[in-house]
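Structure at a glance
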Amino acid sequence: RDGAVCSNTSNVCATDATMASVESIRVPSKSNAIARTNVNLQGRAIKIACRSGIVRTPSREGSSLVASPLESSRIDALDRLKQLLAHSPGAFSMNLAVCPDPRLRDAIIAQVRGERAPIAVAVLSEGTNDVFAEVQRQAGDGPHEAIFVVGLDSVLESPRDLEIVFAALNACPRRWKAWYACPAVFWVSPDTSRSLGRDAKDFWEWTTGWFNFASAP
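A few points on the structure. (Residues numbered from 1 in each chain as written. Predicted model: local features only at pLDDT ≥ 70, side-chain atom pairs only at ≥ 80, totals over all residues. Heavy atoms only, no water.)

**Here's the deal with the sheet that holds strand E5 (residues 93-98)**
The strand order across the open sheet built from five strands is E6-E7-E8-E5-E9, with neighbouring strands paired in parallel fashion. The strands lining the two open edges of the sheet, one partner per strand, are strand E6 (119-123) and strand E9 (207-212). Sheet twist, expressed as the average angle between the axes of neighbouring strands with direction ignored, equals 20°. Across five bridges, the pairing between E6 and strand E7 (residues 146-150) is parallel. Bridging from a neighbouring strand, Ala-122 pairs with Val-149 of E7. In this fold helix H1 (residues 72-87) packs onto E5, E6, E7, strand E8 (183-188) and E9, with an angle of close to 140° to the strand it touches most, E9. Strands E5, E7 and E8 of the sheet are contacted by helix H5 (residues 163-179), whose axis makes an angle of about 125° with E5. (Pairing = 2+ DSSP bridges. Helix = DSSP H or I, 4+ residues; strand = E, 2+ residues; numbered from the N terminus. Axes fitted to C-alpha atoms, helices over the stretch in contact; angles between N-to-C directions. Contact = heavy atoms within 4.5 Å.)

**Examining the packing of helix H3 (residues 131-139) against H5**
Look at H3 against H5: their axes get within 8 Å of each other, and the N-to-C directions meet at 35°. Between H3 and H5, the contacting residues are Val-131, Phe-132, Ala-133, Val-135 and Gln-136 on the first element and Leu-169, Cys-172, Arg-175, Trp-176 and Trp-179 on the second. Of the residues contributing to the contact of H3 with H5, the split by class is eight nonpolar, one polar and one charged. (Nonpolar A, V, L, I, M, F, W, Y, C, P; charged D, E, K, R; others polar.)

**Describing H5**
Look at H5: 24 Å from first C-alpha to last across 17 residues, which is about the 24 Å you get at 1.5 Å a residue. Along H5, the sharpest change in direction is near 40° and occurs at Cys-172; proline Pro-173 comes one to four residues later. (Expected span 1.5 Å × (residues − 1). Bend = angle between axes of the 7 residues up to and from the residue.)

**Brief notes about the nonpolar core**
Side chains of nonpolar character tend, in soluble globular proteins, to be buried together. With 30 residues, the main nonpolar core has Val-135, Ile-147, Leu-152, Leu-169, Trp-176 and Phe-186 as its most contacted residues. Taken together, the elements giving at least two residues each to this core come down to E5, E6, H3, E7, helix H4 (152-157), H5 and E8. By residue number, the principal contributor to this core is H5, which donates five residues. Sequence-distant contacts of Trp-176, defined by excluding residues within four places in its chain, comprise Phe-92, Met-94, Phe-132, Val-135, Ile-147, Val-149, Cys-182, Ala-184 and Phe-186. Counting residues in hydrophobic clusters, the runner-up holds 19 residues, among them Leu-104, Ile-109, Val-112 and Phe-148. (Core = buried A, V, L, I, M, F, W, Y, C linked by side-chain atoms within 4.5 Å. Buried < 20%, exposed > 50% of the residue type's maximum accessible area, 1.4 Å probe, protein only.)

**Focus on the packing of aromatic side chains**
According to the stated counting rule, one finds nine aromatic pairs in the structure shown. An aromatic cluster is built from Phe-132, Trp-176, Tyr-180, Phe-186 and Phe-203, whose rings are joined through pairwise contacts. (Phe/Tyr/Trp six-rings, centres within 6.5 Å; stacked < 30°, edge-to-face > 60°.)

**Considerations on the side chain of Thr-192**
Take Thr-192: it is sitting in helix H6 (residues 190-199). The buried category is assigned to Thr-192, whose relative accessible area is 4%. A distance of 2.6 Å separates a polar atom in the side chain of Thr-192 from a polar atom in the side chain of Asp-153. Residues contacting Thr-192, with those up to four places away along its chain left out, are Leu-152, Asp-153 and Leu-156. (Polar contact = N/O pair within 3.5 Å; in protein donor to acceptor, adjacent residues only side chain to side chain.)

**Quick look at the packing of H1 against helix H2 (residues 102-115)**
Packing of H1 against H2 leaves a shortest axis separation of 12 Å and a crossing angle of 35°. In this structure, the crossing between H1 and H2 has a hand that is right-handed. Here Arg-74, Leu-78, Leu-81, Lys-82 and Leu-85 of H1 lie close against H2, whose contacting residues are Leu-104, Ile-108, Gln-111, Val-112 and Glu-115. When grouped by side-chain class, the residues that make up the contact of H1 with H2 number six nonpolar, one polar and three charged. (Left-handed = near helix turned anticlockwise from the far one by under 90°.)

In short, shape yes, function no, at least from these values alone.
Set out below in structure tokens:
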């Protein structure tokens, strides 16, 4: 679910050296050509190993984890996101991180938060009208190195008149700049990204950073 942000920094990982035995296996698919990687944890939680281009996300088998290789474009997006956080202390910016997979999003957020603190995460509910007011309520005054906003997909997918939401989003950057001196990163799906460009043009024009974690075509 969108709101289930992984904020436990113990779920953020060490390095390739901590990785236990990794065994590549074949799994059935429509094309019979999809390879999966099965990871034997051997009592150790393995999460994200960035340098090897592997992101660790929870599988549906419970405590076991599935490792999936990051495409080069995703590795580049993650590197650029980290550079933004490292080189923008005390500087406001509005940014979009486009990621269609909530599990991958949560794993990336967990890793970044584990490496750089304090980063606040605000989770929007689908009934949110004023995004900035809700983020301010959850994140407080700070100081924050960055604020990650999750859940805008649910807000824009809710079956209601969204004009008030888009109006508040268009006013959001100016309010944000007056209140927070740090990057704001909205984690959204590709559909939400397109909707913002079409229906929240002022918000869109304030956006200076785009980080694409969507699958390559």
